[in-house]
Amino acid sequence: MQAANKTKVNNKIKMGTGERILQVLIIVLVTLFSLCILLPCLNILSLSFNDGADAAKGGVYFWPRVFTLDNFAEVFKDGSIVRAYGITISRTVLGTLLSLILMTVSAYVLKIKTLPGRNFFTLAIAFTMLFSGGLIPTYIQYNKLNLLNHFWVYIFPGAISAYYLIMIRTFFDTIPESLEESAQIDGCGYFGIYTRVILPLSKPIIAVIGLYCAVNHWNDWFSGAFYMNSSKLWPVQTVLQQMLNKAMASTEENTSIGQLIAQNANTVTSDSLKMAAVIITMLPILCVYPFIQKYFTKGVMIGAIKG
Amino acid sequence: MKMKSKANFYTATEAEVIRAMSKKNGFKNLMKSIWKHKVLYLMFLPCIVYYILFNYIPMAGIVLAFKKYSFMKGIWGSDWVGLQYFKTFFTSYDCVKLLRNTLTVGLMKCILEFPFAIIFALLLNELRNAKFKKISQTISYLPHFMSSVIIITMLQRILAPDNGVINQLISAFGGDGSTFFLMKSQYFYPILFLLDLWKNIGWDSIIYLAAISGVDPSLYEAAEIDGCNKMKKVWHITLPSIKGTIGVLFILGIGGLLSSGFDQIYLLRTPGNMELADTLDTYVVRVGLANGQFGYATAIGLIQGIVGLILVLGSNKLSKKVTEVGIW
């Protein structure tokens, strides 16, 4: 296509051909990449709807061969997994709400230019993005605060993110000061301005940061795995991680067939159970994803302005 | 004594506020101003408490790197050991291996992977069909929202020997379909690289796409009149126009050189790739949380933190000098 371009620079029709070839080339490349993302998901989806014993034989590609809902039924029968979903949902809801309240309030305070100490606070917060105490001092601090092995270890330590806080403040900075001034004249205090002027005008950024926080909570396995001994309080990601850990540690060539012999009465293998759990865990994000996608990307743009 | 002054330093935010609020004489204007903003300080209090509790106290806890931690005495009461942990680490057999593995992964992510998002953004930008472009973009962000646990569980199933889909395809085309990819150390870096690329390329391209769409179209028109072809336009206009964005993202990436990709490496470990899947991050978790060598693990974490800080500050300075772009 380059050659075509070079030789016939002034020929509009030929340029069109070169352009078309380029378009086709890009479309093929991008489609291939999209398939790299979709096909593995489709494979897992088919496996989750396929009979476990049958799937262990191989040959299930992108459509279930022996269709069954047993895998999902088994997941919902398993008390520990259902409880883990409960933990995940409650931490996502609680954690996101707390984060949003804390971060919007703090961002509003940091927006007030006349506030003594404002630059110091901003700097102290920004510094934590560059340097931290590291895993062990943090762990000891959680222990001292009696957070280890308590549900609250999911909520409090991640409540404020310096990055999101600065994103929110950047957004708040775009709200015209005249609005605040007029609210002040109408008798609003700082808190009144926050609730009646700033918050109603900040729905887009609240949606973006709320979604980020929710996804982070939903996907977090680390705090469950390292700060929580009792498996009763594990979120579903940690439960899956422990299953994965076991599977990865086994040097056995084929775990699913081995387990199959052990439990041949039941056609749900641990493998197919895992696939069903993976699908259920991905489902909420997959379902809302196409609709909220524009908010996610909007968030990146707001972050970019700051950078 | 030393530790006390450090503790005071880190609680300065709170102390400053209280001091300023209670002082009735002098700094009259400052005091007035602070009093006027008292509601704001009250609103900000949770944030201050949060940062002291969850960031600055752990930061002060770094002294543990120079102490022998005992549960009874706590961080401050434990005995000093000086630089012993650093000596132990740098003379240990593990050191070379850990640094090599960490650097390999870090360089792979910071350097090798870096151009792909730019290329992907350039490709998307050339697409004329808006609907196709939007759908492709939507699909490409998808992996960003899947947790590492989910991704690697899927990967483990797909790469499984014999009945995994990849091996099935290999045997369908007449190859040997029994390769245990995750158990073979020679596949570790390629898998890690492709996985990370797969996960991040779409998301990382958003910011480049935004930068590209901000380029003044008249520049392209001028270049067209001058007889530039597509490649030349990309090279002489698009890339120079977005070099600021590229610079900032590179600086941010380089800071994570010694601490990148914990999730994936930790989850990808198998008995077969242990030699390669052991980086500073996983080592800190292993010796710190699993073996309880708190002081030693803190020292290694401190090395990572300081190197990261130096890299960010250094590359920022360098970038400012060379391209006049910096993150602050």
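As the structure is a computational prediction, the values presented were derived from the model and not from experiment.

**Some points on the overall build of chain B**
Helix and strand counts for chain B come out as 18 helices and two strands. Here chain B has a C-alpha radius of gyration of 26 Å; the compact-globule value for 328 residues is 20 Å, and the former is much larger. When the backbone C-alpha atoms are referred to their principal axes, chain B occupies close to 80 × 55 × 35 Å. Classification of the 328 residues of chain B by burial places 53% in the buried group.

**Here's the deal with the domain arrangement of chain B**
Note on interface size: it is often stated as the accessible area lost on association of the parts. Residues and elements named next belong to chain B. Domain parsing of chain B yields domain 1 (2-82) and domain 2 (87-323). For domain 1 and domain 2, the distance between their C-alpha centroids amounts to 37 Å. Together domain 1 and domain 2 conceal approximately 490 Å² of surface at their shared face, both sides included; 86% is due to carbon and sulfur atoms. Taken as a group, Ile 62, Leu 64 and Ala 65 account for 65% of the area that domain 1 buries against domain 2, more than any other trio of residues on that side. Linking domain 1 with domain 2 are zero salt bridges, by the criterion used here. Of the residues belonging to the side of domain 1 that touches domain 2, the class tally is six nonpolar, one polar and one charged.

**Some words on the side chain of Thr 270 of chain B**
Among the secondary structure elements, Thr 270 of chain B is positioned in the loop between helix H16 (262-268) and helix H17 (280-290). When sequence neighbours within four positions are dropped, the list of residues in contact with Thr 270 of chain B reads Met 248 of chain A together with Leu 182 and Met 183 of chain B.

**Structural notes on the environment of Ile 254 of chain B**
Looking at the element boundaries, Ile 254 of chain B is found in helix H15 (residues 243-254). Not counting residues within four places of it along the chain, the set of residues in contact with Ile 254 of chain B comprises Cys 110, Ile 111, Leu 311, Val 312 and Ser 315 of chain B.

**Remarks on the packing of helix H13 (residues 236-249) of chain A against helix H10 (residues 148-158) of chain B**
The axes of two packed helices give the description: the angle between them and the distance between them. Contact geometry of H13 of chain A with H10 of chain B gives a least axis separation of 9 Å together with a crossing angle of 35°. Crossing hand, H13 of chain A versus H10 of chain B: left-handed. Residues Gln 237, Leu 240, Gln 241, Leu 244, Ala 247 and Met 248 of chain A of H13 of chain A form the contact with H10 of chain B, whose own contacting residues are Val 149, Ile 150, Ile 152, Thr 153 and Gln 156 of chain B. Among the residues forming the contact of H13 of chain A with H10 of chain B, the class breakdown is seven nonpolar, four polar and no charged.

**Observations concerning the domain arrangement of chain A**
All names here are of chain A. Under the domain assignment used here, chain A contains domain 1 (2-48) and domain 2 (71-306). Between domain 1 and domain 2, the residue contacts involve four residues of the former and six residues of the latter. Taken over both partners, the interface formed by domain 1 and domain 2 buries close to 470 Å², and the fraction arising from carbon and sulfur atoms is 76%. Among the residues domain 1 hides against domain 2, the three largest losses belong to Ile 44, Leu 47 and Ser 48. Together they make up 78% of the total. Counting every contact that joins domain 1 to domain 2 gives zero salt bridges. Seen at the junction of domain 1 and domain 2, the total is one residue pair in polar contact (both at pLDDT 80 or more). By residue class, the composition of the side of domain 1 that touches domain 2 is three nonpolar, one polar and no charged.

**Some words on unusual backbone geometry**
Note: most residues except glycine have negative phi, and most peptide bonds are trans. Residues and elements named next belong to chain A. In this model, Asn 146 sits at a positive phi of 60°, which is unusual for a non-glycine residue. Note on placement: Asn 146 falls in the loop between helix H7 (135-144) and helix H8 (162-173). The phi dihedral of Asn 149 is positive, around 65°, even though this residue is not glycine. Take Asn 149: it is sitting in the loop between H7 and H8. A relative accessible area of 32% means that Asn 149 is categorised as partly exposed.

**Quick word on the confidence of the model for chain A**
Residue and element names in this part refer to chain A. For chain A, mean pLDDT is 84; residues scoring 70 or higher make up 86% of the total. When pLDDT is averaged over each element of chain A, helix H5 (residues 79-111) comes out on top at 94 and helix H1 (residues 2-7) at the bottom at 45. Across residues 1-14, where pLDDT falls below 50, the model places 13 contacts with residues more than four positions away in sequence or in other chains. When the criterion is pLDDT under 50, residues 253-265 qualifies, and its contacts beyond four places in sequence or with other chains add up to 18 contacts.

**A look at the nonpolar core**
Generally speaking, soluble globular proteins have nonpolar side chains that are buried together. Within the largest apolar cluster, 182 residues are counted, with the highest numbers of intra-cluster contacts made by Tyr 108, Ile 209 and Phe 226 of chain A together with Leu 268 of chain B. In this structure, Ile 209 of chain A is in contact with Leu 100, Met 103, Tyr 164, Met 167 and Ile 168 of chain A, ignoring residues within four places of it in sequence.

**What about H15 of chain B?**
One turn of an α-helix holds 3.6 residues; hence residues three or four places apart share an orientation. All names here are of chain B. Taking 1.5 Å as the rise per residue, H15 with twelve residues should run 16 Å; its terminal C-alpha atoms sit 16 Å apart, in good agreement. Among all positions in H15, only Ile 246, Gly 247, Val 248, Ile 251 and Ile 254 are buried. Against the buried residues of H15 lie helix H7 (93-112), helix H8 (114-126), helix H12 (188-213), helix H14 (230-241) and helix H18 (294-323).

**Some points on the interface of chain A and chain B**
Tallying the contact residues gives 108 residues for chain A and 101 residues for chain B. Summing the contributions of chain A and of chain B, the shared interface buries around 9100 Å²; its carbon and sulfur component is 75%. Connecting chain A to chain B are 18 residue pairs in polar contact (both at pLDDT 80 or more). Per element, the largest residue contribution to the side of chain A that touches chain B is 19 residues, and it comes from helix H2 (residues 12-48) of chain A. Residue composition of the side of chain A that touches chain B, by class: 70 nonpolar, 30 polar and eight charged.

**Comments concerning a nonpolar patch on the surface**
Together, Val 24, Val 28, Leu 32 and Leu 35 of chain A line one region of the surface with nonpolar side chains, adding up to about 340 Å² of accessible area. By relative accessible area, which is 37% here, Leu 35 of chain A ends up partly exposed.

**So, the packing of aromatic side chains**
Scanning all chains against the criterion turns up 42 aromatic pairs over all chains. With 4.8 Å between their ring centres and 40° between their planes, Phe 49 of chain A and Phe 72 of chain A make a pair best called tilted. Of this pair, Phe 49 of chain A sits in the loop between H2 and helix H3 (52-56) while Phe 72 of chain A sits in helix H4 (residues 70-77), placing them 23 residues apart in sequence. Aromatic side chains Trp 221 of chain A and Phe 222 of chain A sit 6.0 Å apart centroid to centroid with 65° between the ring planes, which places their arrangement in the edge-to-face category. Residue Trp 221 of chain A is classed as buried on the basis of its relative accessible area of 1%. Over the ring of Trp 35 of chain B we find Lys 38 of chain B, and its NZ or CZ is 4.6 Å from the ring centre. We note Arg 269 of chain B situated over the ring of Tyr 266 of chain B; from NZ or CZ to the ring centre the distance is 4.2 Å.

**Brief notes about the packing of H15 of chain B against H18 of chain B**
All names here are of chain B. Between H15 and H18, the shortest axis-to-axis distance is 8 Å and the interhelical angle comes to 160°. The orientation of H15 with respect to H18, classified from their angle, is roughly antiparallel. In this structure, the crossing between H15 and H18 has a hand that is right-handed. Where H15 approaches H18, its residues Lys 243, Ile 251 and Ile 254 are matched on the opposing element by Leu 311, Val 312, Ser 315, Asn 316, Ser 319 and Thr 323. Split by residue class, the contact of H15 with H18 holds four nonpolar, four polar and one charged.

About the criteria used
Residues numbered from 1 in each chain as written. Chains lettered and ligands numbered in written order. Predicted model: local features only at pLDDT ≥ 70, side-chain atom pairs only at ≥ 80, totals over all residues. Heavy atoms only, no water. Helix = DSSP H or I, 4+ residues; strand = E, 2+ residues; numbered from the N terminus. Rg over C-alpha atoms; globule rule 2.2 N^0.38 Å. Buried < 20%, exposed > 50% of the residue type's maximum accessible area, 1.4 Å probe, protein only. Domains from an automatic or database assignment. Buried area = accessible area lost by both parts, 1.4 Å probe. Salt bridge = Lys/Arg side-chain N within 4 Å of Asp/Glu carboxyl O. Nonpolar A, V, L, I, M, F, W, Y, C, P; charged D, E, K, R; others polar. Contact = heavy atoms within 4.5 Å. Axes fitted to C-alpha atoms, helices over the stretch in contact; angles between N-to-C directions. Left-handed = near helix turned anticlockwise from the far one by under 90°. Polar contact = N/O pair within 3.5 Å; in protein donor to acceptor, adjacent residues only side chain to side chain. pLDDT = per-residue confidence, 0-100. Core = buried A, V, L, I, M, F, W, Y, C linked by side-chain atoms within 4.5 Å. Expected span 1.5 Å × (residues − 1). Patch = residues over 30% accessible without salt bridge, like charges linked within 9 Å, V, L, I, M, F, W, Y side chains within 5 Å. Areas by Shrake-Rupley, 256 points an atom, 1.4 Å probe, with all protein chains shown as cover. Phe/Tyr/Trp six-rings, centres within 6.5 Å; stacked < 30°, edge-to-face > 60°. Lys NZ or Arg CZ within 6 Å of the ring centre and 35° of its normal. Parallel < 35°, antiparallel > 145°, perpendicular 65-115°, else oblique.

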